[in-house]
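A closer look at the structure
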There are 6 protein chains.
Amino acid sequence: MTRPSGRAPDALRHVVLEPGVARHAEGSCRIRMGNTEVLCTASVESRVPPFLRGSGQGWVTAEYGMLPRATHTRGDREAARGKQSGRTQEIQRLIGRSLRAVTDLKAMGEMSITLDCDVLTADGGTRCASITGAWVALHLAFRHCLKMNVIAHMPLKDQVAGVSCGLWQGEPVLDLDYDEDSKAQADANFVLTGNGGLVEVQGTAEGEPFSEAQLMSLLKLARHGTDQLFRQQRAAVGIG
Amino acid sequence: MTRPSGRAPDALRHVVLEPGVARHAEGSCRIRMGNTEVLCTASVESRVPPFLRGSGQGWVTAEYGMLPRATHTRGDREAARGKQSGRTQEIQRLIGRSLRAVTDLKAMGEMSITLDCDVLTADGGTRCASITGAWVALHLAFRHCLKMNVIAHMPLKDQVAGVSCGLWQGEPVLDLDYDEDSKAQADANFVLTGNGGLVEVQGTAEGEPFSEAQLMSLLKLARHGTDQLFRQQRAAVGIG
Amino acid sequence: MTRPSGRAPDALRHVVLEPGVARHAEGSCRIRMGNTEVLCTASVESRVPPFLRGSGQGWVTAEYGMLPRATHTRGDREAARGKQSGRTQEIQRLIGRSLRAVTDLKAMGEMSITLDCDVLTADGGTRCASITGAWVALHLAFRHCLKMNVIAHMPLKDQVAGVSCGLWQGEPVLDLDYDEDSKAQADANFVLTGNGGLVEVQGTAEGEPFSEAQLMSLLKLARHGTDQLFRQQRAAVGIG
Amino acid sequence: MTRPSGRAPDALRHVVLEPGVARHAEGSCRIRMGNTEVLCTASVESRVPPFLRGSGQGWVTAEYGMLPRATHTRGDREAARGKQSGRTQEIQRLIGRSLRAVTDLKAMGEMSITLDCDVLTADGGTRCASITGAWVALHLAFRHCLKMNVIAHMPLKDQVAGVSCGLWQGEPVLDLDYDEDSKAQADANFVLTGNGGLVEVQGTAEGEPFSEAQLMSLLKLARHGTDQLFRQQRAAVGIG
Amino acid sequence: MTRPSGRAPDALRHVVLEPGVARHAEGSCRIRMGNTEVLCTASVESRVPPFLRGSGQGWVTAEYGMLPRATHTRGDREAARGKQSGRTQEIQRLIGRSLRAVTDLKAMGEMSITLDCDVLTADGGTRCASITGAWVALHLAFRHCLKMNVIAHMPLKDQVAGVSCGLWQGEPVLDLDYDEDSKAQADANFVLTGNGGLVEVQGTAEGEPFSEAQLMSLLKLARHGTDQLFRQQRAAVGIG
Amino acid sequence: MTRPSGRAPDALRHVVLEPGVARHAEGSCRIRMGNTEVLCTASVESRVPPFLRGSGQGWVTAEYGMLPRATHTRGDREAARGKQSGRTQEIQRLIGRSLRAVTDLKAMGEMSITLDCDVLTADGGTRCASITGAWVALHLAFRHCLKMNVIAHMPLKDQVAGVSCGLWQGEPVLDLDYDEDSKAQADANFVLTGNGGLVEVQGTAEGEPFSEAQLMSLLKLARHGTDQLFRQQRAAVGIG
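Predicted, not measured: the structure shown is a model, and the values here were computed from it. (Residues numbered from 1 in each chain as written. Chains lettered and ligands numbered in written order. Predicted model: local features only at pLDDT ≥ 70, side-chain atom pairs only at ≥ 80, totals over all residues. Heavy atoms only, no water.)

Observations concerning the overall build of chain A
The number of helices and strands found in chain A is six helices and nine strands. The C-alpha atoms of chain A give 18 Å as radius of gyration, which agrees with the globular expectation for 240 residues (18 Å, within 12%). Along the first, second and third principal axes, the C-alpha set of chain A runs to 55 × 40 × 30 Å. The buried share of chain A, taken over its 240 residues, is 60%. (Helix = DSSP H or I, 4+ residues; strand = E, 2+ residues; numbered from the N terminus. Rg over C-alpha atoms; globule rule 2.2 N^0.38 Å. Buried < 20%, exposed > 50% of the residue type's maximum accessible area, 1.4 Å probe, protein only.)

The following block contains the structure:
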């Protein structure tokens, strides 16, 4: 079997993490996975949503967007259309949940961090790339807060990264690009932690249903991919 | 371990499927799972979305809503607020995908069926109950089309049903009610087919990440639950 | 003359009031008038709209909705379209005014009750059925407040119910169903109180204008119909 | 009894109808009733709404608006808020229905006329003044179409005018201004035709319900008022 | 050269300013420039936008609208469409900036004045006419505040007026009407102060770019026009 | 006088134009002017807006956006708020007009090009940078169309570029950064063509009005700046 991209079944695309690219943001990271390119910024605000006021606890949330011509054919600008699509909302909820899963919200105190993940070029896997890049931006924003003495300890408990996998001609392959994704029989997004825990699993059959064994083999590939992403995240923020 | 509801870990709530309850709809089913109650209707229209015009292929889609006082405290009416929440959109996309996975869209010809899933009372598991009830409504709508000679063969290839599972005090339990869901350490929604295939897997850690073994044990419970749901679906539409 | 439904000119459809059907609401009632079915819930909140803050006075308001397939052909979901139609807003304003007309707002103290009237099946007369059913839900919600010692006296001063009448082939007939309504030469909605007073009169000529004498004969029929509705309301809440 | 305005119970305010004031419109009329001032324009378009295409029939509709400072305190501009209030929609539906009731839509052929009724100054009775003025604008627009040979006969079958009445200290009074309206125990809007028929009756109790006899006495006053308005309409368009 | 309107190149249209026309507003002015007619009202409110709270400073802002049939063919009602066009927003921002440029916001204290400029008939130059008329309305509103002892000194530091100019067949002409505007090779709006200063310059080439010399000749014409407008403003408010 | 940035009064910031950066777009250019960074893409579509259908003529339009954290403090995401601000709409109208001024729309035939200008980092002058960069993207998109034989001749008649100028302590300075812009007494945006013509002039007094002589001196600076920008545009697209 040769997958459309010619990569080995367990090969990630070329991954580049550029920390600190956004001049004004407290934390930022541009992530490229092959031709997919996402700009992630972390913005610190001193207020929390109403349901947390007085709780002593912080909040981490995310917004996701795609430049109109990030894709092969120009898409409508969501600001001009007057609303975000269901897909956009689903993705930004996923990113927010994934990052909260590795954050000690109590340790933040009452402040909020918003991760903006804006896709400059899309070639598949934008939601997973957003999570991986947003973790770097969030880490840097917390470090900024530590330096400013706004918080006493790093609230991040672990790393988190996302990667997609899919079944192509019945075989599991790692990190689908757009072309592969549109031909896959099933695709799954896995969000894993540095310690090997699962934070999110989202598997969808595109045509035929998939089996339990196939789900397991996709998960195994995902672990392989996120291990590499965790190493690159640590290098990007200069730890471990 | 005793779970909050007092049910056995592998026990579904009391399930009732009432087919044909909506006077005007081509197919309908009211489903109760314990105190959760959802009205599912299937509406047949002779046109398809623009991207399918001239393709000879049909479409199945879903919309989801919740009556303002389906919940403990009254929620905003989405029509009055002027937009659907991200949660609503995420759920209706899931329901649509799940039903399309067991439908032969080509066999439908160029017509659309919209499944409306409206939650009359919510007590956890509304998205899964919607899928299970919508399958019955869809089956009845197709049977109506067969009787009207609009289609020649039943386009449904298989059954599909959804059920939630979760980890409670580290133990896997089936079919969470609202109270259990809010205390669970992780919850997962499984959409399975009658033949045992997986159509959708959505697992989310609420606090601590979960392990691969735990994911497998949740899936095993889900199979147990959907087997019962498949029997009740067949009884509701009078097959098998 | 035989009217389309075959009913006597002064005959209501079969009316069923089911109090207490909504598990979470402080008060509720499902009303069926023939094939029209409306679920009415009353939700108590401890805050009032801005214009009443500090006034010591309460507020009663209503929202109205129709499930997309409550009708012969599926209607757009207002939440998906992003706005409520003029018809929806007109009806919910009418329901709110009607109920406030029999409520001692001062006796409520500063709290609000929202009546949600959601049409499950529509076959004409949904706004009138909503008013009749909402009175039962409101009564039960106030009784709940009395039991909770939130209020000292029942703030309802009287009963209120609505019924439609119309001219069919020049003859006045009571309680139009959808088919009759669409053929009527004029239709009128009357909202009357238990003491015989008029709260709302809305008469509309569909084709030819109608005369004063005809308006009077419609009103006479409406009294006949609401007398029966008042008896059923009292039975539903267990008074007099 | 002296009513707040000092007028006799059966006295209209000073009424002025100025036909043809809008330079660009096919028909127009500025109506003043005391301090209430509404600009009504009729715009002819050669297309009809989708539900009438191919029917050979025309359509008459209305839109209503109020300048932000037409009232004592500035109101929100509905265009800036992004939606029309329920009140606005209710009023424009009433105006449209009232004018259609005296129009032979078949005689129009497939064209539409939109009546825009914009309140420049509000002092009560704006919906009734809109109907009365819009009839003049509509008549002039039809006459324009006759002159252009777009239609062969005048499609207006009758005149139509609206007037409000109310109960003040238990006594019926005609044509309420804002101050009187806010103190009235009940108010009713009557839309009557030149031949004495009723097109719309909308009576609302503000505090105590009203009686059948009171409704009749209000209607009698309304006839008295519209007789005068019909004379002024005929003078404005130069007939009879 | 004869321009389409037949006016001399440096001739304004007939200008009429009617102060105090709006019964409820603290200040108002109806301005006619030829067939263009705009109603300007000034509404005083005792609160300021959030960014000025506690600053001791006031605010002047503007909203602009056009009646649907102010133009040759009926335009959509922005309230019905649910949003203001880009043109509307651009114009109301211009009007607000122009008036703030001659207002001592500190001298106002913490209060706001909103200028509503509603175009009753459009024949070119509506934004400039709005500025010229709004200054009169604002002056009268401030005078009202002085009389009420809300402010101690007149916060207006100077007059401000707007006028359009354009190139027609290469020649500069003053105060374009709609017909001239649509044929002009370039048009420019100038907002000038009584002391001769420039507050806003907006020049746009419609076809060929224009030259620096042409820009200068347009500005010279604008001075000529605003001198006349300043005289009429002073007459309207009874000063100098 | 030393201006805040320390640059000479007539010095542009460091300008970098990177053509062809967007993988999917027919034309693209990333422009940096100091710390301001805008991504401009040109998207070709084969249909034109309704008002041009059948005219044989093309259209060029623009949309503008700013990433939420392009600025010092995070701004609302316009897609999430559900509408574009007045500022956004004003800017995208300006960009569109500027590019149309140098395009032979007839030579395009019936096709549309949309320029998306998305600000990645904002430090003043984003609308002018957008115009300058968009010209490069448009040129490349037309060249792509030439290569595809969709058009026979280059429809661009001239170059166009924008630059801001302002008065700082009474002295004219070129190309304001954010800090300078917020302290300027007046600022003006000039859009000039390669042949020296004026396409757009937008001058605004922030505090005191400015004089005619000052406007002229600002324009002189602008010419100086755009001459440099024109050279860089030609280099970027490899002409002259």
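Comments concerning the sheet that holds strand S2 (residues 27-33) of chain E
All names here are of chain E. Ordered in space as S1-S2-S3-S5-S4, the five strands form an open sheet in which the pairing is mixed. Sheet topology places strand S1 (15-19) and strand S4 (59-66) at the edges, where each strand pairs with a single neighbour. The sheet shows a mean angle of 15° between the axes of neighbouring strands, taken without regard to direction. As judged from the eight bridges shared by S4 and strand S5 (residues 112-121), these two strands associate in the parallel manner. Its bridge partner being in S5, Met-66 is matched across the sheet by Val-119. Together, S4 and S5 form the strand contacts of helix H2 (residues 86-100), whose direction differs from that of S4 by roughly 145°. (Pairing = 2+ DSSP bridges. Axes fitted to C-alpha atoms, helices over the stretch in contact; angles between N-to-C directions. Contact = heavy atoms within 4.5 Å.)

Overview of the UniProt feature "domain: Exoribonuclease phosphorolytic" (unreviewed entry) in chain A
As recorded in UniProt, the sites labelled "domain: Exoribonuclease phosphorolytic" (unreviewed entry) are residues 12-141 and 158-223 of chain A. Secondary structure over residues 158-223 of chain A splits into 27% helix and 44% strand, and the C-alpha atoms at its two ends are 15 Å apart. (UniProt positions renumbered as here; feature names shortened; annotations may be inferred.)

With respect to the sheet that holds strand S5 (residues 112-121) of chain A
All names here are of chain A. Strand order in this open sheet of five strands is S1-S2-S3-S5-S4, and the pairing throughout is mixed. With one partner strand each, in any of the chains shown, strand S1 (15-19) and strand S4 (59-66) form the two edges of the open sheet. Mean inter-strand twist for the sheet, computed between neighbouring axes without regard to direction, equals 15°. Where helix H4 (residues 126-147) meets the sheet, it contacts S1, strand S2 (27-33), strand S3 (36-45), S4 and S5, and its direction lies at approximately 35° from that of S3. Sitting on the sheet, helix H6 (residues 212-237) touches S1 and S2, and the angle it makes with S1 is about 25°.

A look at the relation of the copies chain F and chain A
Screw-axis analysis of chain F against chain A gives a translation of 0.0 Å along the axis, an RMSD of 0.0 Å, and a rotation angle of 180°. The two molecules are tied by a two-fold rotation axis, judged by turn and shift. By residue overlap, the copies meet face to face through one surface: 100% of the interface positions of chain F are interface positions in chain A. (Least-squares fit on C-alpha atoms with pLDDT ≥ 70 in both.)

Thoughts on the UniProt feature "binding site: phosphate" (unreviewed entry) in chain A
Residue and element names in this part refer to chain A. Following the UniProt record, one finds the feature "binding site: phosphate" (unreviewed entry) at Arg-87, Gly-125, Thr-126 and Arg-127. The greatest C-alpha distance among the annotated residues, which extend across 41 residues, is 13.4 Å, indicating that they converge on a single site. Assignment of secondary structure puts Arg-87 in helix H2 (residues 86-100). Residue class for Arg-87 comes out partly exposed when judged on its relative accessible area of 30%. The contact partners of Arg-127, leaving out residues within four places of it in the chain, are Glu-90, Ile-91, Leu-94, Ile-95, Asn-189 and Gln-202.

Focus: unusual backbone geometry
Residues and elements named next belong to chain D. Backbone geometry places Asn-149, a non-glycine residue, at a positive phi of 60°. When you line up the elements, Asn-149 lands in the loop between helix H4 (126-147) and strand S6 (160-168). Classification of Asn-149 by relative accessible area gives exposed; the value is 67%. Phi at Asp-175 is positive, roughly 60°, even though this residue is not glycine.

Details of the interface of chain F and chain A
With 35 residues of chain F in contact, the opposing surface of chain A contributes 35 residues. Together, the buried faces of chain F and chain A total about 2700 Å²; carbon and sulfur atoms form 49% of this surface. The interface formed by chain F and chain A includes twelve salt bridges. Between F:Arg74 and A:Glu63 there is a salt bridge whose closest N-O contact spans 3.1 Å. Taken together, the connections running from chain F to chain A amount to 22 residue pairs in polar contact (both at pLDDT 80 or more). Secondary-structure elements contributing two or more residues to the side of chain F that touches chain A are strand S3 (36-45), strand S4 (59-66), helix H1 (78-81) and strand S5 (112-121) of chain F. The greatest single-element share of the side of chain F that touches chain A, amounting to six residues, is contributed by S5(F). Its residues assigned to classes, the side of chain F that touches chain A comprises 13 nonpolar, eleven polar and eleven charged. (Buried area = accessible area lost by both parts, 1.4 Å probe. Salt bridge = Lys/Arg side-chain N within 4 Å of Asp/Glu carboxyl O. Polar contact = N/O pair within 3.5 Å; in protein donor to acceptor, adjacent residues only side chain to side chain. Nonpolar A, V, L, I, M, F, W, Y, C, P; charged D, E, K, R; others polar.)

Examining the arrangement of the chains
At the level of C-alpha atoms, the two units chain A and chain D stay apart, their nearest approach being 11 Å. With respect to C-alpha atoms, chain B approaches chain E no nearer than 11 Å, and the pair has no contact.

Overview of the relation of the copies chain A and chain B
Of the transformation placing chain A onto chain B, the axial shift is 0.0 Å and the rotation is 180°, giving an RMSD of 0.0 Å. Most of the interface of chain A is mirrored in chain B, where 100% of its interface residues are also at the interface.

Quick notes on the pairing of strand S6 (residues 160-168) of chain A
Residue and element names in this part refer to chain A. Most of S6 is tucked away: nine of the nine residues are buried. Alternating positions in S6 separate into two faces, Val-160, Gly-162, Ser-164, Gly-166 and Trp-168 on one and Ala-161, Val-163, Cys-165 and Leu-167 on the other, with burial throughout. Sheet topology places S6 next to strand S7 (residues 171-174); four bridges connect them, and they run antiparallel. Opposite Leu-167, over in S7, you have Pro-172 as the bridge partner. Linking two consecutive strands that pair antiparallel, namely S6 and S7, is a turn of two residues; a positive phi of about 50° is found at Gln-169 within it.

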